[in-house]
Amino acid sequence: MRAVAISALCVSLAIMGFGQNPRYQQDPEWRAPTEAASRENPLASKPELAAGGKKLFVRNCVECHGREGTGMESKHSADLQLPIVQEESDGTLFWKITNGNAKHGMPSFSKLPELQRWQVVLYIRTLKPLPPESSIRTNNHKGHEVPRRNSFVILCVLRG
Amino acid sequence: MIRLVTLSFWLACLCATAAAQESPFFVTYTHYMEEPGNLDLEVSTTNGIPRSGQQAYIAPYMEFEYGVTARWTSEIYLEGQSTIGDSSVFTGWRWENRYKLFAREHRINPVLYLEYENVNEASRIQKEIEGGGADLVSSNSVLNGPRSHELEGKLILSSNYRDWNIAENFTLAKNFSESEGIEFGYAFGVSRPLSSLASANECRFCRENFAVGAEVYGGLGSTLDFGPHGAAHYFAPVLSWTVSDNSTLRISPGVGLTPEASPVLIRFGLTYEVRGFGERVSRLLGRRP
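Residues numbered from 1 in each chain as written. Chains lettered and ligands numbered in written order. Predicted model: local features only at pLDDT ≥ 70, side-chain atom pairs only at ≥ 80, totals over all residues.

Novice: How should the overall build of chain B be read in this particular structure?
Specialist: When its secondary structure is counted, chain B shows three helices and twelve strands. Computed over its C-alpha atoms, the radius of gyration of chain B comes to 19 Å, within 12% of the 19 Å expected for a compact globule of 289 residues. Per-residue burial for chain B yields a buried fraction of 45% across its 289 residues. (Helix = DSSP H or I, 4+ residues; strand = E, 2+ residues; numbered from the N terminus. Rg over C-alpha atoms; globule rule 2.2 N^0.38 Å. Buried ≥ 20, exposed ≤ 12 C-beta atoms within 10 Å, placed from the backbone.)

Novice: Before we go on, may I ask you to explain the packing of helix α6 (residues 90–99) of chain A against helix α7 (residues 114–126) of chain A in this structure?
Specialist: Packed helix pairs are specified by the crossing angle of their axes together with the interaxial distance, meaning the distance between the axes. All names here are of chain A. Packing of α6 against α7 leaves a shortest axis separation of 9 Å and a crossing angle of 125°. One way to sum up the angle between α6 and α7 is to call them oblique. The handedness of the crossing between α6 and α7 comes out as right-handed. Across the interface between the two elements, Asp90, Leu93, Phe94, Ile97 and Thr98 of α6 pack against Arg117, Trp118, Val120, Val121 and Ile124 of α7. Residues of the contact of α6 with α7, tallied by class, amount to seven nonpolar, one polar and two charged. (Axes fitted to C-alpha atoms, helices over the stretch in contact; angles between N-to-C directions. Parallel < 35°, antiparallel > 145°, perpendicular 65-115°, else oblique. Left-handed = near helix turned anticlockwise from the far one by under 90°. Contact = placed C-beta atoms within 7 Å. Nonpolar A, V, L, I, M, F, W, Y, C, P; charged D, E, K, R; others polar.)

Novice: Honestly, unusual backbone geometry in this entry has me stumped. Any pointers?
Specialist: Leaving glycine out, the prevailing phi sign among residues is negative, and the prevailing peptide bond configuration is trans. Residue and element names in this part refer to chain B. Phi at Gln126 is positive, roughly 50°, even though this residue is not glycine. One can find Gln126 in the loop between β5 (109–119) and α2 (140–143). A tally of 23 C-beta atoms within 10 Å means that Gln126 is categorised as buried. Although it is not a glycine, Arg162 sits at a positive phi angle of roughly 50°. In this fold, Arg162 is placed in the loop between β6 (148–161) and β7 (164–175). Given 10 C-beta atoms within a 10 Å radius, Arg162 is considered exposed.

Novice: Can you help me understand the nonpolar core in this one?
Specialist: Generally speaking, nonpolar side chains in soluble globular proteins are found buried as a group. Counting 25 residues, the largest nonpolar core has Phe94(A), Val120(A), Val121(A), Leu122(A), Tyr123(A) and Ile124(A) as its most contacted members. Broken down by secondary-structure element, the contributors of at least two residues to this core are α3 (50–60), α6 and α7 of chain A. With residues near it in sequence (within four places) discarded, Leu122(A) still touches Asn41(A), Leu43(A), Pro47(A), Leu49(A), Ala50(A) and Gly53(A). Of all hydrophobic cores here, the second largest spans 17 residues; its members include Tyr234(B), Ala236(B), Val238(B) and Ile266(B). (Core = buried A, V, L, I, M, F, W, Y, C linked by C-beta atoms within 7 Å.)

Pasting the structure below:
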């Protein structure tokens with residue numbers, strides 16, 4: 001019975017894992033103009049507004065980027081936790097939300113008021129980037145150190 | 001009539017199960033496209049309060065709006081009409097396509113619109129006014145004849161300025177079943193959300209869930225008799241309420257500005273967004289989305 005439960009857990013975690021898009025590569029042509037990239041977030045001094053950004057994120061972005069913002073391989077959507085996304089300027093993120101990338105299925109969200117788009121940028125900043133997997137280690141139930149994101153795979157191997 | 005309008009409003013509400021931030025306009029199109037793979041189901045009614053010699057009517061219609069790509073939206077309409085003291089008729093269907101010309105946002109964002117209409121003269125949904133406008137006087141037995149083939153094109157120009165959206169639509173339509181020449185129409189609209197910022201808490205009645213605006217639309221005659229005279233023109237305030245993450249309710253009490261228009265035109269619309277519809281269908285068909 002325990003083995004069945006662990007197998008079920010492994011399968012569901014594996015499905016969740018495959019839903020992510022850690023191999024996301026940015027479209028080299030999708031670049032914000034310098035002027036847009038250098039814009040500063042007018043809400044930067046009000047981090048509490050990120051909560052509203054989260055609400056907007058759930059309403060508009062989760063479908064493609066997932067609740068944790070990790071993206072989906074099936075939709076080729078960005079893992080927003082990745083350093084290549086988090087290292088972008090606020091202005092760049094704002095520009096990308098505003099214009100979308102029609103070629104790759106990302107719609108424009110210019111229908112949201114400007115300040116709401118800045119709120120979404122604030123929220124994206126709270127999706128902390130994960131350092132390289134090898135450097136993030138956590139303990140499984142036996143105290144073995146495993147990489148955080150793929151801990152379920154290791155657990156399955158250990159159990160299997 | 002008031003009872004019928006109230007009934008159609010509550011019918012629209014009953015259809016609600018669940019918000020997409022929809023444009024509050026009923027007639028004016030903006031450059032906002034449906035998100036790719038999403039399907040919007042919309043139930044709307046156009047309710048006309050009559051002048052003397054006219055009958056009140058309710059013209060319900062259903063829209064199926066699908067985001068084919070981030071720049072191309074396609075819609076199917078099914079429409080009918082019920083006139084008080086007369087009859088209820090199915091007036092036809094329409095298939096419209098909108099294509100956003102530029103991939104990026106600009107000061108003015110042009111969208112091309114092409115629609116095929118298979119409707120008869122009894123149609124009163126008045127999603128656009130072209131030529132002189134709908135015949136609001138003749139009975140359904142006269143109007144409910146064979147459906148005509150009509151092609152309609154629009155140039156949609158839409159801009160965002162601060163939180164305001166300003167949109168202008170220029171329409172031309174050619175009825176291939178009648179020799180009416182090419183008919184023209186227009187629609188202008190401005191709208192804005194009630195709040196620029198989103199509040200942190202989940203709420204149905206937060207200001208950011210509401211958008212208000214106004215639109216003006218009407219006919220401009222045809223190549224046979226061009227001009228705004230002798231055509232229906234309306235001014236209509238609009239209000240949209242994002243009820244939940246998937247549904248939006250819209251209301252517009254319009255006022256007819258010319259004798260050819262209904263003195264009051266009340267519209268209700270309820271939109272429910274089915275997210276990831278295209279992906280689900282692809283999965284059902286065993287295809288990779």
